[in-house]
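The primary structure of each chain is shown beneath.
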Amino acid sequence: MDHPTGLFTVINTFTLKDHGRADEFERRFLDHVAWMRAQEGFDSHQAVRLVERPGVYINLGRWRSPESFQRVRSSEVFQAHAKEFHEVVEVDADPSRNVLRTGGDVTEGAPVVVVERLGIEGAGLSLDAFDDSYREYARALTARPGFLHADFSRSLTRPGNYTFVTWWSDAEAWRAARADAPAFGMAECAVHLAAQAAVEKAADRVG
């Protein structure tokens with residue numbers, strides 16, 4: 001299933017200043033997302049926590065236009081939330097344009113999430129040609145066993161840089177599919193925050 005593309009996408013990387021405040025940050029962040037969902041122009045988001053660097057979170061926030069995001073960003077509520085975040089995490093924002101989204105609904109997460117940072121340098125392609133190569137790759141992924149969803153965004157402030165996030169039923173399925181990727185970048189496994197929260201709530205109920 002294809003999803004709307006061309007959306008203004010803010011890719012935030014949050015790095016904890018103190019790993020002992022992870023629960024506090026996640027609670028504040030999920031409360032912030034609940035508020036954002038109610039704002040005009042908001043489309044969707046995906047938030048993940050890296051497995052091998054558990055103090056690092058990546059959030060893809062999608063908006064129908066840059067103006068919608070800027071309007072919300074300038075609000076008093078947003079600024080108050082941002083001030084709270086900066087007490088707990090370092091923030092790196094990468095405004096981007098979504099190039100493609102395909103696959104099923106992963107709102108509740110997936111067993112394996114892979115975040116890849118890609119660069120066009122050395123690929124021998126123009127930006128548009130690089131976009132097209134990943135559209136074709138994503139179409140092929142939909143037929144792969146274990147594939148669930150893909151999200152590909154081009155940075156607006158870092159020319160030639162991309163973020164490619166895929167959701168899988170297992171890591172081996174991703175490794176097999178990656179052999180056909182148009183380019184390779186730094187790849188890191190992650191866990192979807194919504195899925196993590198659901199698992200922790202279930203554990204609390206059992207306990």
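Residues numbered from 1 in each chain as written. Predicted model: local features only at pLDDT ≥ 70, side-chain atom pairs only at ≥ 80, totals over all residues. Heavy atoms only, no water.

### Concerning helix α4 (residues 127-141)
Quick note on the threshold: For helices the rule is a DSSP run of H or I covering at least 4 residues; for strands it is a run of E covering at least 2, with both sets numbered from the N terminus onward. By this rule, a helix spans an expected 1.5 Å times one less than how many residues it contains. Any residue under 20% of the maximum accessible area for its type is buried, any over 50% is exposed, and the rest in between are partly exposed; the area is computed with a 1.4 Å probe on protein chains only. Arc definition: it is the arc formed by the directions from the helix axis to the C-beta atoms. For this analysis, residues touch if any pair of their heavy atoms sits within 4.5 Å.
With 15 residues, α4 extends 21 Å from end C-alpha to end C-alpha; this agrees with the ideal 21 Å at 1.5 Å per step. Residues F130, D131, S133, Y134, Y137, A138 and L141 constitute the buried set of α4. Projected onto a plane normal to the axis of α4, the buried residues spread over an arc of 160° and lie on a single side. Among the exposed residues of α4, those pointing more than 90 degrees away from its buried face are D128, E136 and R139. Summarising the contacts, the buried residues of α4 are in contact with β4 (89-103), β5 (112-119), β6 (147-155), β7 (161-168) and α5 (171-178).

### Remarks on the pattern of salt bridges
Quick reminder of the rule: The working definition used for a salt bridge is a side-chain nitrogen of Lys or Arg within 4 Å of a carboxyl oxygen of Asp or Glu.
Tallying each qualifying case throughout the model produces 15 salt bridges. Here R28 makes a salt bridge to E24, at a shortest N to O gap of 2.9 Å. Placement of both R28 and E24 in helix α1 (residues 22-37) is noted, with a separation of 4 residues, approximately one turn of the helix. Residue classification places R28 among the buried residues on the basis of a relative accessible area of 19%.

### A look at the nonpolar core
So the rule is basically this: Each nonpolar core is a collection of buried residues, namely Ala, Val, Leu, Ile, Met, Phe, Trp, Tyr and Cys, held together in the definition by side-chain atoms within 4.5 Å.
Counting residues in hydrophobic clusters, the biggest one holds 22 residues, and the most contacted among them are F130, Y134, Y137, L141, F152, F164 and W168. Put simply, the parts of the chain that give this core at least two residues each are β4, β5, α4, β6, β7 and α5.

### Considering the sheet that holds β7
Worth spelling out the cut-off: Two strands are said to pair when DSSP picks up at least two bridges between them. Helix axes are fitted to C-alpha atoms over the stretch in contact, other axes to C-alpha atoms as well, and angles between N-to-C directions run from 0 to 180 degrees.
Strand order in the closed barrel formed by 8 strands is β1-β3-β2-β8-β5-β7-β6-β4, and the pairing between neighbours is antiparallel. The average undirected angle you get between the axes of adjacent strands in this sheet is 35°. As judged from the 8 bridges shared by β5 and β7, these two strands associate in the antiparallel manner. Opposite E116, over in β7, you have F164 as the bridge partner.

### Some thoughts on the pairing of β5
Of all 8 residues that make up β5, 6 are buried, and the element is covered over most of its length. Pairing of β5 with strand β8 (residues 186-192), which is carried by 5 bridges, proceeds in the antiparallel orientation. Its bridge partner lying in β8, R117 is registered against M186.

### Details of α1
Within an α-helix, residues lying three or four positions from one another point in the same direction, as the helix has 3.6 residues per turn. Helix length check: α1, at 16 residues, gives a terminal C-alpha distance of 22 Å against a target of 22 Å (1.5 Å per residue), a fit within 8%. Buried within α1 we find A22, F25, E26, R28, F29, H32, V33 and M36. In a view along the axis of α1, the buried residues occupy a sector of 165°, so they form one face of it.

### Topic: the side chain of R49
Quick note on the threshold: Polar contacts here mean pairs of N or O atoms no more than 3.5 Å apart (in protein, one a potential hydrogen donor and the other a potential acceptor; neighbouring residues in sequence count only if both atoms are side-chain atoms).
Position of R49 among the secondary structure elements: in strand β2 (residues 42-50). At 2.4 Å, the side chain of R49 and the backbone oxygen of P54 are in polar contact. A polar contact is formed between the side chain of R49 and the side chain of Y57, at a distance of 3.4 Å.

### Brief notes about the pairing of β4
One ladder, built from 9 bridges, connects strand β1 (residues 8-16) with β4; its direction is antiparallel. From the neighbouring strand, I11 faces β4, where its bridge partner is D94.

### Section: the side chain of N59
Tracing the sequence through the fold places N59 in strand β3 (residues 56-63). With a relative accessible area of 9%, N59 lands in the buried category. Here H45 takes part through its side chain, which lies 2.8 Å from a polar atom of the side chain of N59.

### A few points about the packing of aromatic side chains
As a reminder, the rule being used: Stacked, tilted and edge-to-face are the three classes assigned to paired rings of Phe, Tyr and Trp, where Trp is represented by its six-membered ring and a pair needs centres within 6.5 Å; plane angles under 30 degrees give stacked, over 60 edge-to-face, the rest tilted.
As enumerated under the stated definition, the model contains 21 aromatic pairs in all. For the ring pair F69 and F78, a centre distance of 6.2 Å and an interplane angle of 90° mean the geometry is edge-to-face. We note that F69, like F78, is buried. Summarising the aromatic geometry, the rings of Y134 and F152 are spaced 4.5 Å apart at their centres and angled 15° between planes, so their arrangement reads as stacked.

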